[in-house]
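Survey of secondary and tertiary structure
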Amino acid sequence: QCWLRKQIEIFPASARDVRTRGRNRLLDLGQLGIQCIHCKSLPQGGRGTGSSYFPAAIKSIYQSAQNMLTFHFKEDTCPLIPRRLLQQMRDAG
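Each value, and the rule that gives it
Residues numbered from 1 in each chain as written. Predicted model: local features only at pLDDT ≥ 70, side-chain atom pairs only at ≥ 80, totals over all residues. Heavy atoms only, no water. Helix = DSSP H or I, 4+ residues; strand = E, 2+ residues; numbered from the N terminus. Rg over C-alpha atoms; globule rule 2.2 N^0.38 Å. Buried < 20%, exposed > 50% of the residue type's maximum accessible area, 1.4 Å probe, protein only. Contact = heavy atoms within 4.5 Å. Areas by Shrake-Rupley, 256 points an atom, 1.4 Å probe, with all protein chains shown as cover. Lys, Arg positive; Asp, Glu negative; His and termini not counted. Charge placed at Lys NZ, Arg CZ, Asp CG, Glu CD. Polar contact = N/O pair within 3.5 Å; in protein donor to acceptor, adjacent residues only side chain to side chain. Expected span 1.5 Å × (residues − 1). Core = buried A, V, L, I, M, F, W, Y, C linked by side-chain atoms within 4.5 Å. Pairing = 2+ DSSP bridges.

**Observations concerning the overall build of the chain**
Broken down by element type, the chain carries 4 helices and 3 strands. Ordered by position from the N terminus, the helices and strands of the chain form the series α-β-α-β-β-α-α. Taking 12 Å as the expected radius of gyration for a compact globule of 93 residues, we find that the chain reaches 13 Å, a close match to that expectation. Projecting the C-alpha coordinates of the chain onto the three principal axes gives extents of approximately 40 × 30 × 20 Å. Split into buried and exposed, the 93 residues of the chain put 38% on the buried side. Long-range contacts, defined as pairs at least 24 residues apart, comprise 53% of the intrachain contacts of the chain with a sequence gap of at least 6. Per element, the accessible surface of the chain, about 6000 Å² overall, is 55% carbon and sulfur. Positive and negative side-chain charges of the chain, numbering 14 and 6 respectively, have mean locations separated by a distance of 2 Å.

So this is what it looks like as structure tokens:
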């Protein structure tokens, strides 16, 4: 949990996010999401699976973070995370 919190940040949906994101439902401009701090600067298509999530409710943030851990970090899809950080995650459990 502590390791994961250091790898993500909260961010507002941009106009581009609103136009191009929202697989299951439409996003609102400024809607808060969570994203990987390592690959956030890459174009969306180059970030890897599960690099950002826009939870529908505050109570969904925890599950979104767990999804990011599973699909973005544990599946090793983040193209920019340092290998030493992935090893720390693996060593922690």
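**Topic: the side chain of His72**
For His72, the position within the fold is in helix H3 (residues 61-74). When its relative accessible area of 0% is taken as the criterion, His72 is described as buried. Polar contacts involving the side chain of His72 include one to the main-chain carbonyl oxygen of Thr49, which spans 2.9 Å.

**Digging into H3**
A rise of 1.5 Å per residue sets the reference length of H3, with its 14 residues, at 20 Å; its end C-alpha atoms lie 18 Å apart and thus fit the reference within 8%. All of the buried residues in H3 are Ser64, Ala65, Gln66, Met68, Leu69, His72 and Phe73. Each element contacted by the buried residues of H3 is listed here: helix H1 (2-5), strand S1 (8-12), strand S2 (32-36), strand S3 (52-53) and helix H4 (83-92). Once H3 ends, the next one or two residues include Asp76, with phi positive near 60°.

**Concerning the nonpolar core**
Judged by nonpolar contacts, the single largest core of 16 residues is most densely connected at Trp3, Leu4, Ile8, Phe73 and Ile81. Contributing elements (two or more residues each) for this core: H1, S2, H3 and H4. The element best represented in this core is H3, accounting for 4 residues. Excluding anything up to four places from it in sequence, Ile81 contacts Trp3, Gln7, His38, Phe73 and Leu86.

**Section: the pairing of S2**
S2 sits mainly inside the fold: 4 of its 5 residues count as buried. Note that S1 and S2 share 5 bridges and pair antiparallel. In the sheet register, Phe11 faces S2, and the bridge partner there is Gly33. Where S2 lies against S3, 2 bridges are found, and the strand directions are antiparallel. Its bridge partner lying in S3, Ile34 is registered against Tyr53.

**A short note on the environment of Leu29**
Within the element layout of this structure, Leu29 appears in the loop between helix H2 (15-20) and S2. Classification of Leu29 as exposed rests on a relative accessible area of 64%.

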